[in-house]
Structure formats: C-alpha cells, structure tokens
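# Chains, contacts and geometry: an overview
Chain residues, written in single-letter form:
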Amino acid sequence: TFPYLVLAVLLVRGVTLEGAGSGMLYFLAPDFSKLGHLKVWVRAANQIFYSLGAGFGTHIGYSSYNPKDTLFLKDAAVVALVNSGTSILAGFVVFSIMGHLAFLQGVAVPELELGGPGLAFIAYPTAVALLPGAHVFAILFFLMLLALGIDSQIGTVEVFATALLDSWDHHRAKRAKSSSDAAAEAGQAGRGA
C-alpha cells in the first residue's frame, strides 16, 4: 500500500508542474513505426518477465501454499493486471516529470535523451526534490525503495525455501512410512515367533 501512496503523491505533484502535459502526451502517443523493430519486442518481453517475475519461480513457490481448489487463473489474471496497472501509473509519474524537465530545458520530450533504468533514477528524485518538505519525502522514498528491494529478495529466497521444505517433507514422509512399515513388520514378526 505504501508504494502506491508514494506514487500517488508523486503523480499529483508531477501533473501540477509546468510542461507535465507534454510528457504525458508523449507517454500516451505510441510510435507505431517502432513495432517493426525486434529490439522493441525484446525490451518489452524483458520488462514484463522481469516485473512479473515469471521466470524466477516465485509465483510457483507461493502458489504451492494454496489449497488445491484455488482458482489460480483468477489469481494469475489479478497479478498481471495489477502489475500492468502499476507500470502505467509509474509511467505517468515518470513522464509528467520528463515533461517538466523538457519544459525547463526548452526542448521537446524526445530530445531529453533519457532512457532505460536511469530514467527512473532521474525522474523520481527530481519529483521528490520538487515536493514541499522534500527531505521528509526523500527519506520516505528511500525507505519505500528499500522495502520493495527486500520484498523482492524475500520472494527469491522463498523459491529456495519452498523447494527445500518440500524436499524435506517428501523425505520425512518417506522416513515415517519406512519407520511405520518397520514397526509393523517387527510386530508381525513378534507375533509369529
């Protein structure tokens, strides 16, 4: 909830800045000519797989704790929609700040030459610095990034923990069965003697 609150505050501040509209229009106006470039599709696939964490096994690990009758398709759809919605919300925040930066520099948004992961490391700190009480928001923003980073790592560690626990349960169940079989055999042997 906290990251969404921070994004909402940054969005409200971003859209109130001069030039924010040009950044958001740039965000909403696709350049269809780029759809023919393989690099665009590779980056899009990379983004969606990375943000969903589809290849890391986190969702499989978490889903192993669900009851057998869980509607996993509904859960998967909710995760995908929330992920995409969050990306769109974050895009509005970033591009409203980009529009403001373009306004300050007197250039068009595409001429800013900002891109890749560094884009967020320029736009978000700029947005935080433009907030009233910037020092407090800077601390809150850092704590949010720290919490999100730790949360991501917990998901990754959970994959290994689930695999180990599931393996341990399998061996423990096998050992328990072997022990009960041995006890039953001993009991039968004792009665037959």
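Report follows, based on the coordinates. Being a predicted model, the structure only gives us computed values, none of them experimental.

What counts, and where the lines are drawn
Residues numbered from 1 in each chain as written. Predicted model: local features only at pLDDT ≥ 70, side-chain atom pairs only at ≥ 80, totals over all residues. Heavy atoms only, no water. Phe/Tyr/Trp six-rings, centres within 6.5 Å; stacked < 30°, edge-to-face > 60°. Helix = DSSP H or I, 4+ residues; strand = E, 2+ residues; numbered from the N terminus. Axes fitted to C-alpha atoms, helices over the stretch in contact; angles between N-to-C directions. Parallel < 35°, antiparallel > 145°, perpendicular 65-115°, else oblique. Left-handed = near helix turned anticlockwise from the far one by under 90°. Contact = heavy atoms within 4.5 Å. Nonpolar A, V, L, I, M, F, W, Y, C, P; charged D, E, K, R; others polar. Buried < 20%, exposed > 50% of the residue type's maximum accessible area, 1.4 Å probe, protein only. Expected span 1.5 Å × (residues − 1).

### Concerning the packing of aromatic side chains
- For the coordinates displayed, the defined rule picks out three aromatic pairs.
- Here the aromatic rings of Phe-27 and Phe-92 are separated by 5.1 Å at their centres, their planes lie at 75°, and the arrangement is edge-to-face. Taken together, the residues span a long stretch of sequence, with Phe-27 in helix α2 (residues 20-28) and Phe-92 in helix α5 (residues 72-105) at a distance of 65 residues.
- With 5.0 Å between their ring centres and 25° between their planes, Phe-27 and Phe-95 make a pair best called stacked. Taken together, the residues span a long stretch of sequence, with Phe-27 in helix α2 and Phe-95 in helix α5 at a distance of 68 residues.

### Observations concerning the packing of α2 against α5
- It is at 6 Å that the axes of α2 and α5 come closest, and there the two elements cross at 135°. Between α2 and α5, the angle falls in the class oblique. Remark: the crossing between α2 and α5 carries right-handed chirality. Touching Ala-20, Ser-22, Gly-23, Met-24, Tyr-26, Phe-27 and Leu-28 of α2 are Ile-88, Gly-91, Phe-92, Phe-95, Ser-96, Gly-99 and His-100, all from α5.
- For the contact of α2 with α5, the class distribution of residues is eight nonpolar, six polar and no charged.

### Some remarks on the environment of Gly-21
- Relative to the helices and strands, Gly-21 resides in helix α2.
- The partly exposed category is assigned to Gly-21, whose relative accessible area is 38%.
- When the C-alpha atoms of Gly-21 and Phe-95 are compared, they prove to be 8.7 Å apart, with 74 residues separating the residues in sequence.

### Topic: helix α3 (residues 38-52)
- With 15 residues, α3 extends 21 Å between its outermost C-alpha atoms, agreeing within 8% with the 21 Å of an ideal straight helix rising 1.5 Å per residue.
- Residue Gly-53 follows α3 closely and has a positive phi angle near 70°.

### Brief notes about the side chain of Asn-83
- Position of Asn-83 among the secondary structure elements: in helix α5.
- With sequence-adjacent residues up to four places away left out, Asn-83 is seen in contact with Ile-48, Ser-51 and Leu-52.

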